[in-house]
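So you can see what is in the structure, the chains are spelled out below.
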Amino acid sequence: MGHRSSDGTVFSRAARRFSRAGAGLLTLLALILGAAGLSAKEPSGTPRVDVAVINGMIGPVSQEFIRRSLERAEARDATLLVIQLDTPGGMLSSTREIVKMLLGSRIPVAVYVAPSGSRAGSAGVFITLAAHVAAMAPGTNIGAAHPVSIGLTGAAKEDSTSTMSQKILNDTAAFIKTIAEQRDRNVAWADSAVRYSVSITEKEALERRVIDLVAPSVEALVDSLDGRAVALSPGDTVRLALAGAQIETYEYSWRFRLLDMLTDPNVAYILFLLGLVGLYFELSNPGLILPGVVGGICIILAFYAFQTLPINYAGVLLIVFATILFIVEIKVPSFGLLTLGGVLSLVLGSIMLFKGGGSPTMPEVSVSWSVLIPTVTATVAFFVFVVGKTVQAHRRRAMTGRQGLIGSTGKVIGVLEPEGKVFVHGEIWRAVCPGRRVEDGQSVRVISVSGLLLTVEPLESAKTD
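Worth saying up front: this structure is predicted, and the values here are computed from it rather than measured. (Residues numbered from 1 in each chain as written. Predicted model: local features only at pLDDT ≥ 70, side-chain atom pairs only at ≥ 80, totals over all residues. Heavy atoms only, no water.)

Attention now goes to the packing of aromatic side chains. Here the structure, examined in full by the defined rule, presents 8 aromatic pairs. Note on Phe126 and Phe175: the rings are 5.5 Å apart at their centroids and 25° apart in plane angle, and the pair reads as stacked. Within this pair, whereas Phe126 is found in helix H4 (residues 123-130), its partner Phe175 is found in helix H5 (residues 163-182), the two being separated by 49 residues in sequence. We note that Phe126, like Phe175, is buried. Residues Tyr252 and Phe256 carry aromatic rings whose centres are separated by 5.7 Å and whose planes lie at 35° to one another, so their mutual orientation is tilted. Residue Tyr252 is classed as buried on the basis of its relative accessible area, which comes to 10%. Put simply, the rings of Phe272, Phe303, Phe306 and Phe354 touch in pairs and so form one group of aromatic residues. Of note, Arg96 hangs over the ring of Phe175, and the distance from its end group to the ring centre comes to 4.2 Å. Directly above the aromatic system of Phe256 lies the positively charged group of Arg255, at a separation of 5.2 Å from the ring centroid. (Phe/Tyr/Trp six-rings, centres within 6.5 Å; stacked < 30°, edge-to-face > 60°. Helix = DSSP H or I, 4+ residues; strand = E, 2+ residues; numbered from the N terminus. Buried < 20%, exposed > 50% of the residue type's maximum accessible area, 1.4 Å probe, protein only. Lys NZ or Arg CZ within 6 Å of the ring centre and 35° of its normal.)

Here it is as structure tokens:
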């Protein structure tokens, strides 16, 4: 029987302890390396690039679309979010919210003004400058593409030197300068874009450090950004690894497209007029229900659009006043004077409905003449037709009821001497013919109605077989 030496036992115990310690050190090292990998934000697997496409005005719809695009990109661990932008401008409030999202984004965001022929006008300048990466396609431009109008009331634009205008202008200029400073872009040009409506091409924008690069396509943009270091925030820089990236494009869903369509000034104008016509039908013919429901929906949708557009409420009141004049013409015929006043009020209200840009981020807004002229013509024709038919109805002799009996002819049943019975309108009535005797079967004409008694006179030439 063998015996283990004390040296062997000690050595075995030491080996086991060393093995356990080594395993613990390896586990700790793996955790440290894993943590280091997380802090370095190195992407795992195939990199993903989301592309959100925005075409049109900047407002609540585009604001919500960008918010959802950012949330989706973060939830799906996208390496980069590209906002493909083509806009003439939009609401300042929505622009500020979008800029806040981009400045506080936890993933890199690139704003790409594309495709060729697109622009980043007015509000688009703020959004482009706020991105981590600003890029443009060949044949695009950036800047205030429309004259800035900061008037607050009335159809005429306010003097740009007024106190309120200067406050708005200075506040907006300070806002865009802050964005440019934070993203290390050309601050002087950003200020001039707001104050003097400067607009430049993609080549000039690249030369003046307004954007970072020019790319002909999204794929070319992604390739150019591979390996680029992007500062998400001070002290937090991530290097983009985009080789072989999977690119997925998102556009407006049917809901976003519908809401975006409603903010078109032409659509808003048509909805407003349809709403007034529908309410007119319901008020003039209570109980129809359908015109009132449709009119109410159109009015609500129109006012939803109005909140995103620079509305001149004098124009709104003129259009409402025109509708009132048309209705009064039906009740109180004025030989066309009220209708003429309604036409004039409708035309002026339609022209004045939108007052142009309401802020340095809003482009010039108006109803297209190709929409305004046919719509005004159709509306006026409708009301003139209704007024004409109403006047004809007022002049037409009553065909039913007591008034409808007056002037009607009938035949005597028996003899009127002077009272008896007559057959009128398919009914037998009591009748009287003062001072005359009328024989059976002779034709008579009704001259008055008193209760259920008709006063008649004989027709000299009428004698039935």
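After presenting the structure, the write-up continues.
For the rest of this paragraph, the subject is the packing of helix H2 (residues 60-75) against helix H9 (residues 254-262). Each packed pair of helices is defined by two parameters, the angle between the axes and the distance between the axes. Two numbers describe how H2 lies on H9: the axes approach to 9 Å, and their chain directions differ by 155°. Classified by the angle their axes make, H2 and H9 are roughly antiparallel. Contacts from Val61, Glu64, Phe65 and Arg68 of H2 reach H9 at Arg255, Phe256, Leu259 and Asp260. Among the residues making up the contact of H2 with H9, the classes are represented as 4 nonpolar, no polar and 4 charged. (Axes fitted to C-alpha atoms, helices over the stretch in contact; angles between N-to-C directions. Parallel < 35°, antiparallel > 145°, perpendicular 65-115°, else oblique. Contact = heavy atoms within 4.5 Å. Nonpolar A, V, L, I, M, F, W, Y, C, P; charged D, E, K, R; others polar.)

Let us look at the packing of H2 against helix H3 (residues 92-103). At a minimum axis separation of 9 Å, H2 and H3 run at an interaxial angle of 10°. One way to sum up the angle between H2 and H3 is to call them roughly parallel. For the pair H2 and H3, the contacting residues are Pro60, Ser62, Gln63, Ile66, Arg67 and Leu70 in the first and Ser94, Glu97, Ile98 and Met101 in the second. Counted by class, the contact of H2 with H3 contains 5 nonpolar, 3 polar and 2 charged residues.

The next thing to look at is empty space enclosed by the protein. Applying the stated criterion across every chain yields a total of 3 cavities of 30 Å³ or more. What the largest cavity holds in volume is close to 80 Å³. Every residue lining the largest cavity is listed: Met57, Ile58, Gly59, Pro60, Val61, Ser62, Met91, Asp260, Thr263, Thr308 and Leu309. The element best represented in the lining of the largest cavity is H2, accounting for 3 residues. (1 Å grid on protein atoms, 1.4 Å probe; cavity = no way out; pocket = protein on both sides within 12 Å on 5 of 7 lines; lining within 4 Å. Points joined across faces, edges and corners; volume = space filled by probe spheres on them.)

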